[in-house]
Amino acid sequence: MKFFRPLAAAAVAAAFLLAGCASGGSGGATAGGGATLKIGLVNPTTGASSWAGVPIAQGAQTAVDEINETGFLGDQKLELTSKDSEGDPATAISAYRGFASDDYLAAICCTLSSEAGSFAQLAASLKFPTVANGATLKGLNAPPYMYRTIVLPADPGGMYAQTAQAIAAKGNVKTAVIVETADNEGNVSDAKVWQDNLQKDGITVLQVIDTFQADTDFTVPVTTILSQNPDLVVFSTQGPNSATMIKMLRERGYKGLTTSSYGIAVPSVWKVGGEALAGTIFPIPFSPDGTSDRTKDFVQRYQQQWNSQPDLYAAQGYNAVWFIAEGIKAAGANVTRQSLADALSKLDSFELASGNVVKMVDGQAELSDAVLIAQWNADGTQSLWK
Amino acid sequence: MELLFQQLLNGLSLGSVYAIFAIGFGLIFANMGILNVAQGSYATWGVIPTYLLSRAGVPLWIALPAGLAGAALIGLLAEWLAFKPLRDRNAGMLGSIIIAVGIWIILLALGEIVLGPNPSAMPSGAFPSVPLDVLGLKIPPIFLLNWVALAVVAVGLTLFLSRTRFGASIRSVGFKADSAAIVGVDTRVVLSVTAMIAAAIAGLSGILYSFTANNVSFTVGEGLMLKGFAAVVIGGFGNVKGAVVAGVAIGVIEALTQQYLSSTFRDAITFGLMLLFLVVRPQGIFGELKASRA
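Residues numbered from 1 in each chain as written. Chains lettered and ligands numbered in written order. Predicted model: local features only at pLDDT ≥ 70, side-chain atom pairs only at ≥ 80, totals over all residues. Heavy atoms only, no water.

Q: Could you give an account of the overall build of chain A, naming the residues involved and the relevant values?
A: What chain A contains, in helices and strands, is 13 helices and 15 strands. In terms of overall size, chain A behaves like a compact globule, its C-alpha atoms giving a radius of gyration of 23 Å where 386 residues would be expected to give roughly 21 Å. For the C-alpha atoms alone, the extent of chain A along its principal axes is close to 95 × 40 × 35 Å. Counted over contacts in chain A with a minimum sequence separation of 6, partners at least 24 positions apart contribute 68%. On chain A, roughly 15100 Å² of surface is accessible, and the fraction owed to carbon and sulfur atoms is 53%. (Helix = DSSP H or I, 4+ residues; strand = E, 2+ residues; numbered from the N terminus. Rg over C-alpha atoms; globule rule 2.2 N^0.38 Å. Contact = heavy atoms within 4.5 Å. Areas by Shrake-Rupley, 256 points an atom, 1.4 Å probe, with all protein chains shown as cover.)

Given below as C-alpha cells:
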C-alpha cells in the first residue's frame, strides 16, 4: 500500500506520455498507409474578391480529386477543407491558425496580397508548411515553411517587363497613366514595376492615380485619365474595376491602348466591360486553350466537375495542391509537417497546369519562358496580341 | 478649368444619387423612428429585378419600375414581419436597429445568392451611354437622369407630404402615432405605405448608381448606405431639403477631394464632416432642435 500511490501515479503518467507520442508530435498529421492527409485552404469565397477565390477553391478541389483518383499518393488520400477569408486579413489569419492547431498537414493561403502580410512569419513560427497561391506581395516565399507557386509577373524580365517592352517596340506609345489600387500592397508594387519598366523603355508616365479596393464608382479617376490623354493606360487594379474604368474610358471617347495584369483576363470580367474591353492586352500565365496534355486534362476534369471552363485562378488553386502533393510524395511514408517542409524545400522544379515547368528558387516559382501577351476581342474571345 | 467643371459635374451626378438615397433613409427615420441600416440592401434589391429583366432584354421603362416595385415589396415585408412586431412590443430604437441589422445580413446574403459573387454591369444598350458634348464637357445621359430623378423625388415627396391628406397622415404618425390613431388615422396603412415609399426611393438610388458606376453587385447598396447616412446627419433627419443639399455637397466634395487632394482623404473628409455636425449641430443644417419636457 505504501508504494501503491506512487506506482499508480507513474502508470498514469506513462499512459499520458505514450498517448502524446502516438498523436504525432507538433500538432501535425502523420500518415502511414491508407491515411487521410488534410490540407486547409484559406481563400476569399465571398466578398469583393470572390471572383478569384471561388475558382481557386474549385481548382484546388479538382486537384485533390485527381490526386486521389489516380492514386498519385498510393494509399494516402488528400482531403481539402476550404475556409472563407472574406477578403479580410484577420479572418484569414484566424482560419489559418485554426488549421495549424488542428491535424492539418499543410495549408494554402494568400489569394490577396492584403491578406498575405503576416503569413510568412506565421508559417515559420507555427512550423506549418504553407503555399501562397496568388498574392504577389514581395518576400512572401520563405522556405522551408512558406512557398509560392505563382510566377510573379513583376519579376525582373518577367511578365510586366516583357509587356512594357513589347508595347514600347510598337513605337506609337509615348505617354502613359497608371491606375493603382492604393490599399493593395501587391497592386502598388506592381504599379511601381510597370512605371519603372515603361520609363526604362522610353515611355513617359504622366501620373499614377489612386483608387481603393472598396471603390465602386470610378467617374473621377476616369475623368482625370482623360484630362491627360495618354497613349496608354495601365491598370494595376482588380479585374472588375479595371474593366469598369476601361468601359467608361471608351464611352467617353478614349482611343488609346489599355493594359492590365492577367486579372482582367477572366471571363467574369467580360460581363463588366463587354465589348469595351476589345483591344485590352495582358500577359497571361494560363489559358484554357493551351495545348499541353496537362492543360487539356485539367480543363476536362474541371469542366466535368464544375460545369464551367477553368480560368487562371482555378489553375492557381490546382497548382498549389499539386505542389503539396509532390512534396508529400517526396517526403515518403509517415509524412509529418516537418518532413513535408523539408521535402518541399528540395523540390527544384514543378509542372504547372499550363504545362510550363517552373524552377523553384528559394520557395518561389520562376518562369524562364517568353510570356504570352493576349488581348480581348470584340466577340469576347481572346487571342494573341500582334 | 475644364477639368474642374468636369469633376464638378461628376460630383453633382453622384451627389444626386446620394441625395435620393438620403431622402428615403430620412423618410423612414423621421416618420417611423427606425434607423434602418438595411436601407442599403433595399437599394440592392431595387437593382436586382432591373438588372435581371434588362439582361433578359426587357426595356428599361418596364425594368426600372419593376425594380422600384421589388424594393418596395422588400420594404413592406420588412415592415410587416420585423418592424411592426417590434413596435407592438415597444422595443424602442435599439430593438429596431438590431432587427435592421438582421434584415441587412439576410438581404445581403440573398443578394449574393441571386447575383453571384462576381460584379457585373447593366447590359450595354439598356440606357444610352455615349456622353453628350456640351461646351467641351462630357455629360453622360445617366447624369441627366440622376438630376431629373432627384428633382422629381425631392419635389414630389415634399408636395406629397405637405399638400396631400395622406402626406399629412404620414407626418402626424411621425409626430405622434398614438395621437394620430385617436383622430382616425390608420397607422398600420400609413406605416406600410411609408416603408414602401422609402424602400422604393432606395431602390431608385441603387438603380441609378448601378448605371452611373457601371456596377451591379450584391454590395452596391452598402456604399450608398454610408454616404446616405452622412447626408442625413449633415442635412437634418427627415428634412428633404437638407438631404438634397447635403447629398449633393458630399458628392461634389468627394469628387474635388479625389482630383485635387488625394483619394485617401475622400471618405475621411465625408465622415469627418458628419462627426463635426453630430458634435456641433446634431440637428443638421436644416433640422430643428427638439426639446422635451423633463
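Q: Run through the pattern of salt bridges, naming residues and quoting values.
A: Inspection of every chain in the model, using the stated rule, returns 12 salt bridges over all chains. Residues joined in a network through salt bridges with shared partners are Asp215(A), Lys227(B), Glu254(B), Arg266(B) and Asp267(B). (Salt bridge = Lys/Arg side-chain N within 4 Å of Asp/Glu carboxyl O.)

Q: Describe empty space enclosed by the protein, with residues and values.
A: One way to see where empty space is left: roll a probe the size of a water molecule over the atoms. Taken as a whole and assessed by the stated rule, the structure comprises 4 cavities of 30 Å³ or more. In this model, the largest cavity occupies a volume close to 350 Å³. Forming the boundary of the largest cavity are 26 residues, of which Thr111(A), Gly134(A), Thr136(A), Asn187(A) and Tyr313(A) lie nearest the centre. Residue composition of the lining of the largest cavity, by class: 10 nonpolar, 15 polar and 1 charged. Listed by contribution, the elements that provide at least two residues to the lining of the second largest cavity are α9 (239-251) of chain A together with α8 (187-213) of chain B. (1 Å grid on protein atoms, 1.4 Å probe; cavity = no way out; pocket = protein on both sides within 12 Å on 5 of 7 lines; lining within 4 Å. Points joined across faces, edges and corners; volume = space filled by probe spheres on them. Nonpolar A, V, L, I, M, F, W, Y, C, P; charged D, E, K, R; others polar.)

Q: Give a detailed account of the interface of chain A and chain B, specifying residues and quantitative values.
A: Taken together, the contact between chain A and chain B spans 26 residues of the former and 33 residues of the latter. Carbon and sulfur atoms make up 51% of the surface buried where chain A meets chain B, a total of about 2400 Å² over both sides. Area buried by chain A at its contact with chain B is led by Thr216(A), Val220(A) and Arg252(A), which between them contribute 22% of it. A salt bridge links Asp215(A) to Arg266(B); its shortest N-O distance comes to 2.6 Å. On inspection of chain A and its partner chain B, the count reaches 10 residue pairs in polar contact (both at pLDDT 80 or more). Elements with a minimum of two residues in the side of chain A that touches chain B: α2 (50-70), α8 (219-228), α9 and α10 (267-273) of chain A. Looking at the side of chain A that touches chain B, the element that brings in the most residues is α8(A), giving 6 residues. Looking at the side of chain A that touches chain B residue by residue, the classes come out as 8 nonpolar, 11 polar and 7 charged. (Buried area = accessible area lost by both parts, 1.4 Å probe. Polar contact = N/O pair within 3.5 Å; in protein donor to acceptor, adjacent residues only side chain to side chain.)

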